Amino acid sequence: MARGVLGTEAYAAAEKQGILLRPESQEVQRLALGILPLPKTADEHPPRTAGPSHWSRLTATEQEVAILAAAGWTNAGIALRRGISSRTVDAQIAAVLHKLTITSRKDVIAFVPNHQIDRVRDEAAKRPRPSRER
């Protein structure tokens, strides 16, 4: 059906891009959420990680902070939401990045377990928007 709608060439191109997605890194969900561009080549992917997710290395508090970070909350927004200092959130984010062995908060979403993806979506909808000064 999809081939009929897209046409043979477009379907083949989409299929090649889809094959590059890594379900174990929640890339399908990230693509659906609009936070992952489609890869054009295998080289655009970070290296695959072997073994179980590092998510279980995070404390419960770090997991909460990681979910907010994955939803696009700023450190200041997380601090306000959780009623803690920005410096504490800075330290928690640093611990999350270290334990997940990543260097960017944009990569946190790849480690969020499937059963928590809806929470990320919900938190993204609740994220404070910057106010516009007149």
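Residues numbered from 1 in each chain as written. Predicted model: local features only at pLDDT ≥ 70, side-chain atom pairs only at ≥ 80, totals over all residues. Heavy atoms only, no water.

Turning our attention to the environment of Y11. Mapping Y11 onto the fold places it in helix α2 (residues 8-19). Residue class for Y11 comes out partly exposed when judged on its relative accessible area of 24%. (Helix = DSSP H or I, 4+ residues; strand = E, 2+ residues; numbered from the N terminus. Buried < 20%, exposed > 50% of the residue type's maximum accessible area, 1.4 Å probe, protein only.)

A word on the confidence of the model for the chain. Of all residues in the chain, 77% attain a pLDDT of 70 or more, and the chain-wide mean is 82. Of all secondary-structure elements in the chain, the lowest mean pLDDT belongs to helix α3 (residues 27-33), at 71, while helix α4 (residues 60-70) reaches the highest, 97. (pLDDT = per-residue confidence, 0-100.)

What follows is about unusual backbone geometry. A positive phi is found at T101, a non-glycine position, where the angle reads about 55 degrees. With respect to the secondary-structure elements, T101 resides in the loop between α6 (86-100) and α7 (117-126). Its relative accessible area of 53% is what places T101 among the exposed residues.

What follows covers a nonpolar patch on the surface. A contiguous nonpolar patch, built from M1, V5 and L6 and spanning about 420 Å² of accessible area, is present on the exposed surface. Tracing the backbone through its elements, the reader meets L6 in helix α1 (residues 2-6). (Patch = residues over 30% accessible without salt bridge, like charges linked within 9 Å, V, L, I, M, F, W, Y side chains within 5 Å. Areas by Shrake-Rupley, 256 points an atom, 1.4 Å probe, with all protein chains shown as cover. Salt bridge = Lys/Arg side-chain N within 4 Å of Asp/Glu carboxyl O.)

Moving on to the pattern of salt bridges. Evaluated as defined, the whole model comprises five salt bridges. The salt bridge partner of E123 is R81, with a shortest N-O separation of 2.6 Å. Remark: R81 occurs in helix α5 (residues 75-82) and E123 occurs in helix α7; sequence separation between them is 42 residues. Of the charged contacts in the structure, one is a salt bridge between E123 and R119, with a shortest N-O distance of 3.8 Å. Taken together, the residues span about one helical turn, with E123 and R119 both in helix α7 at a distance of four residues. Residue R119 is classed as partly exposed on the basis of its relative accessible area, which comes to 25%. Linked by salt bridges that have partners in common, E64, R81, R119 and E123 make up one network.

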